[in-house]
Amino acid sequence: MTEKGGICVQDIVKKAGLAQSTVSKYLSDLQDCGLLDSERHGKWTYYRRNETNLQALARLVATAL
């Protein structure tokens, strides 16, 4: 984990049991939507939740249902 929090892509790959390319694509899509933030340290990329945007999404879903 980084000082700001986050988890390395390789750790997600191990837990998910999916190919690294698949996990990276999903993470990239979530980042493009603003639901994840990333931080690069050398060859490692760490992802963490964007709590502000996740809460906004939850409010949007709650009002739509």
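Refer to the structure printed above.
The structure reproduced in this document is the subject of the present report. (Residues numbered from 1 in each chain as written. Predicted model: local features only at pLDDT ≥ 70, side-chain atom pairs only at ≥ 80, totals over all residues. Heavy atoms only, no water.)

As for the sheet that holds strand E2 (residues 36-41)
Taking strand neighbours across the sheet as the criterion, the 3 strands line up as E1-E3-E2 in an open arrangement whose pairing is antiparallel. Of all the strands in the sheet, the pair left with one neighbour each is strand E1 (7-8) and E2. When E1 meets strand E3 (residues 44-49), the two strands line up antiparallel, connected through 2 bridges. In the sheet register, Ile7 faces E3, and the bridge partner there is Tyr47. (Pairing = 2+ DSSP bridges. Helix = DSSP H or I, 4+ residues; strand = E, 2+ residues; numbered from the N terminus.)

Observations regarding the packing of helix H1 (residues 9-16) against helix H2 (residues 20-32)
Interhelical geometry of H1 versus H2 gives an angle of 115° and a closest axis separation of 9 Å. Regarding the angle of H1 to H2, the classification is roughly perpendicular. Between H1 and H2 lies a crossing whose hand is right-handed. Of the residues in H2, those in contact with Val9, Gln10, Ile12, Val13 and Ala16 of H1 are Gln20, Val23, Ser24 and Leu27. (Axes fitted to C-alpha atoms, helices over the stretch in contact; angles between N-to-C directions. Parallel < 35°, antiparallel > 145°, perpendicular 65-115°, else oblique. Left-handed = near helix turned anticlockwise from the far one by under 90°. Contact = heavy atoms within 4.5 Å.)

Topic: the pattern of salt bridges
Under the definition given, this model contains 3 salt bridges. Put simply, Lys25 and Asp29 hold a salt bridge, and the shortest N to O gap is 2.7 Å. In this pair, Lys25 and Asp29 both sit in helix H2, 4 residues apart, roughly one turn of the helix. On the basis of relative accessible area, Lys25 is assigned to the partly exposed category, the value being 48%. When its relative accessible area of 30% is taken as the criterion, Asp29 is described as partly exposed. Between Arg48 and Glu39 there is a salt bridge whose closest N-O contact spans 3.4 Å. (Salt bridge = Lys/Arg side-chain N within 4 Å of Asp/Glu carboxyl O. Buried < 20%, exposed > 50% of the residue type's maximum accessible area, 1.4 Å probe, protein only.)

Honestly, it's all geometry; don't read function into it.
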